[in-house]
Amino acid sequence: MPVGLFRVCLLVITAIVNHPLFFPKENGTVPENTEEIIQKMKEREESLRLEQLRLEREIADQEATQKALEKAAVVVEESKEEKVRWDMWTALSMVIFLLIELWRQDFQEGNWQDVGGEEDDMAVLGKAFKGVAFPDKAVLASFYEKRILGTTGDMARMREMVEGFADDLLEALRSVCNRDADMEVEDCMGVGSMYENWRVRKPFVCDLIVPFAPPEPYCFRCQTWCSGDSFPPDEQGYGTIKVCRANEDAAGCICDKTKLGEDMLCLLHSQVSGARPSSEMEDLLCFKNTQYLDADQVMKWFQIAVTKAWNRISHKYEFDLSFSLLDSPGALKIKFKSGKSIAFNLTPVVQYENSDVYFISHFPRSSLAADIPSSTQWFLTFAVYERRFIQLVSKTLPANACHVSCLQILSFLHGKQCSLTGPSGLTNYHLKTVLLHLLQARPSQDWAPEKLEARLQDMLKFLEKCLHEKKLYHFFIGNGKVPAELGFPIIFQRAEPLNLFRPFVLRRDIYRKMVDTFHEMLRNMSALINEYTVHIPLAHTNGIRKEPL
């Protein structure tokens with residue numbers, strides 16, 4: 001232990017003795033001048049200070065750059081928000097401008113007939129009715145008695161003759177058809193103005209519809225625009241008819257909608273029954289490569305079947321039968337040897353479920369279905385319910401009620417005006433729809449015979465309002481007030497109302513022609529009535545522009 005301490009002490013003493021500070025002159029690395037050391041330390045301090053200043057400037061520059069970037073980001077964000085606000089204001093301004101433009105166009109259309117400068121031109125009949133010289137009760141009564149009643153006396157006899165011949169023709173048609181392959185034809189039904197007793201224009205034409213059904217084991221699956229699936233706006237009022245087997249689910253098996261592998265087999269359908277050849281479906285009058293009934297194919301089949309049926313029974317009659325119109329496949333004409341003829345329409349239809357609503361293939365002499373989307377789209381007709389509604393309401397009206405007289409007079413005036421200025425988009429079906437709405441809206445006592453003039457004015461005002469608004473809704477579709485006694489299907493009562501004037505919204509030329517024809521009819525109303533009345537007081541002819549008939 002003492003030896004160890006001695007060694008340590010010896011080592012410390014040796015290190016102290018050999019330290020260079022004890023011998024400055026002998027160590028050449030130590031500077032001899034203290035000022036030189038101080039000077040170097042100052043220089044070092046100055047360099048460190050400069051370096052510190054440089055670093056501080058760099059840090060300040062970086063901070064300034066960061067602030068500039070943040071400020072630029074804020075400016076960009078504010079500009080984006082300003083742009084969004086500007087875009088919103090621009091879009092809102094455009095919408096307001098478009099609304100103003102549409103209102104201006106509608107306003108011009110509602111008043112375009114005022115451009116001529118005549119004082120009796122009207123924008124809205126209910127607000128400017130003084131411009132029209134309306135015949136009084138005596139003139140209307142005389143006109144109705146001499147012109148309307150005098151020409152409709154033979155309608156009942158003509159209906160009876162046409163119905164009897166049509167029944168015989170359809171019976172012959174059933175005998176020439178193959179009961180196992182052809183469509184099954186049912187008894188015909190009369191619809192339209194001839195069977196509602198308000199037709200006034202000659203020639204008188206009976207409209208008959210003929211329901212038909214597919215042969216066993218097939219059936220029809222009907223689908224309408226209001227059955228749940230989405231239909232385009234231009235297909236509202238239409239439906240499709242699918243030809244299925246009676247034991248086939250309407251929705252179909254999943255194997256028809258899914259591509260199964262080659263090694264997979266549906267356990268419900270075999271390969272034999274799973275797919276039907278296209279030729280079989282075409283024999284069932286379906287559109288090519290589909291199961292949907294084709295209206296054009298149906299009309300071709302029906303024309304051929306009617307021709308065969310007539311060839312079988314023609315020897316029993318002393319007249320000829322022919323198809324009269326190319327654009328109306330069911331239009332038939334009976335030609336007698338004396339030169340007289342009788343026209344009637346025999347149109348095949350398909351019953352919708354168990355109701356009296358029918359899918360009709362073609363509308364004879366009508367523009368209701370002028371632009372059918374495709375031959376697989378069938379228009380729905382409610383003619384049977386319309387006839388029943390008129391009959392039901394007539395039972396509650398006073399004796400000799402004027403509702404039918406109003407429709408007859410208005411139909412006559414419209415027909416005469418069309419013969420002067422040409423046809424327009426306005427049809428007799430539109431006039432009948434106006435009457436149906438008023439029959440439901442007005443109490444029974446308002447249709448007394450002595451109120452013919454007032455009710456006729458109501459029909460004209462209602463029609464003018466519909467023309468001005470471009471809205472005339474179908475009477476049954478969307479009408480929840482249909483009498484329960486009719487047994488009308490609830491699905492159509494709950495549907496959205498169907499605007500019969502919708503096609504004219506986009507076709508402004510037809511709309512203007514229709515409005516022009518209507519107002520010309522108003523101006524010429526007294527003159528048209530006076531033409532068929534024996535004695536007209538002079539007061540009723542003053543101020544009326546009379547045009548040749």
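Residues numbered from 1 in each chain as written. Predicted model: local features only at pLDDT ≥ 70, side-chain atom pairs only at ≥ 80, totals over all residues. Heavy atoms only, no water.

- An unreviewed UniProt entry lists the protein under the name Inositol 1,4,5-trisphosphate receptor-interacting protein, with Mohoua ochrocephala as the source organism.
- The record in UniProt for the protein states the following under Function (unreviewed entry): "Enhances Ca(2+)-mediated inhibition of inositol 1,4,5-triphosphate receptor (ITPR) Ca(2+) release."
- Per UniProt, the protein has the following entry under Sequence similarities (unreviewed entry): "Belongs to the ITPRIP family." (UniProt positions renumbered as here; feature names shortened; annotations may be inferred.)

### Side note on the pattern of salt bridges
Part 1 of the reasoning: The final tally for this structure, using the stated rule, is 16 salt bridges.
Part 2 of the reasoning: In this structure, Lys 432 engages Glu 196 in a salt bridge whose closest nitrogen and oxygen atoms are separated by 3.2 Å. Here Lys 432, found in helix H11 (residues 428-441), pairs with Glu 196, found in helix H5 (residues 193-196); they are 236 residues apart in sequence, far enough to count as distant. Just as Lys 432 is buried, Glu 196 falls in that class too.
Part 3 of the reasoning: The closest approach of N and O atoms between Asp 356 and Arg 388, which form a salt bridge, is 2.5 Å. Here Asp 356, found in the loop between strand S8 (341-351) and strand S9 (358-360), pairs with Arg 388, found in helix H9 (residues 383-394); they are 32 residues apart in sequence, far enough to count as distant.
Part 4 of the reasoning: Among the residues examined, Asp 356 registers a relative accessible area of 15% and is labelled buried.
Part 5 of the reasoning: A relative accessible area of 34% places Arg 388 in the partly exposed class.
Part 6 of the reasoning: A cluster of three or more residues bridged by salt bridges with shared partners is formed by Arg 442, Asp 446, Lys 451, Arg 455 and Asp 458. (Salt bridge = Lys/Arg side-chain N within 4 Å of Asp/Glu carboxyl O. Helix = DSSP H or I, 4+ residues; strand = E, 2+ residues; numbered from the N terminus. Buried < 20%, exposed > 50% of the residue type's maximum accessible area, 1.4 Å probe, protein only.)

### Digging into the nonpolar core
Part 1 of the reasoning: One finds Leu 169, Leu 293, Phe 344 and Leu 346 to be the most contacted residues of the largest nonpolar core, which totals 110 residues.
Part 2 of the reasoning: With residues up to four places along the chain from it excluded, the contact list for Leu 169 reads Val 306, Ala 309, Trp 310, Ile 313, Leu 321, Leu 332 and Leu 346.
Part 3 of the reasoning: In this structure, Tyr 238, Val 349, Tyr 358 and Ala 383 belong to the second largest nonpolar core, which totals ten residues. (Core = buried A, V, L, I, M, F, W, Y, C linked by side-chain atoms within 4.5 Å. Contact = heavy atoms within 4.5 Å.)

### Re the environment of Ser 355
Part 1 of the reasoning: Position of Ser 355 among the secondary structure elements: in the loop between S8 and S9.
Part 2 of the reasoning: A relative accessible area of 9% means that Ser 355 is categorised as buried.
Part 3 of the reasoning: In this structure, the C-alpha to C-alpha distance between Ser 355 and Gly 487, residues 132 residues apart in sequence, is 8.1 Å.
Part 4 of the reasoning: Separated by 3.2 Å, the side chain of Ser 355 and the backbone nitrogen of Val 357 make a polar contact. (Polar contact = N/O pair within 3.5 Å; in protein donor to acceptor, adjacent residues only side chain to side chain.)

### Section: the packing of aromatic side chains
Part 1 of the reasoning: Enumeration over the complete set of coordinates arrives at 27 aromatic pairs.
Part 2 of the reasoning: Where Phe 382 meets Phe 476, the ring centres are 6.4 Å apart and the plane angle is 20°; that geometry is what we call stacked. With Phe 382 in the loop between strand S10 (378-381) and H9 and Phe 476 in the loop between helix H12 (452-469) and helix H13 (490-493), this pair connects stretches of sequence that are 94 residues apart. Side by side, Phe 382 and Phe 476 carry an identical accessibility label, which is buried.
Part 3 of the reasoning: The interplanar angle of 55° and the centroid separation of 6.3 Å between the aromatic rings of Tyr 385 and Phe 476 together place this pair among those described as tilted. (Phe/Tyr/Trp six-rings, centres within 6.5 Å; stacked < 30°, edge-to-face > 60°.)

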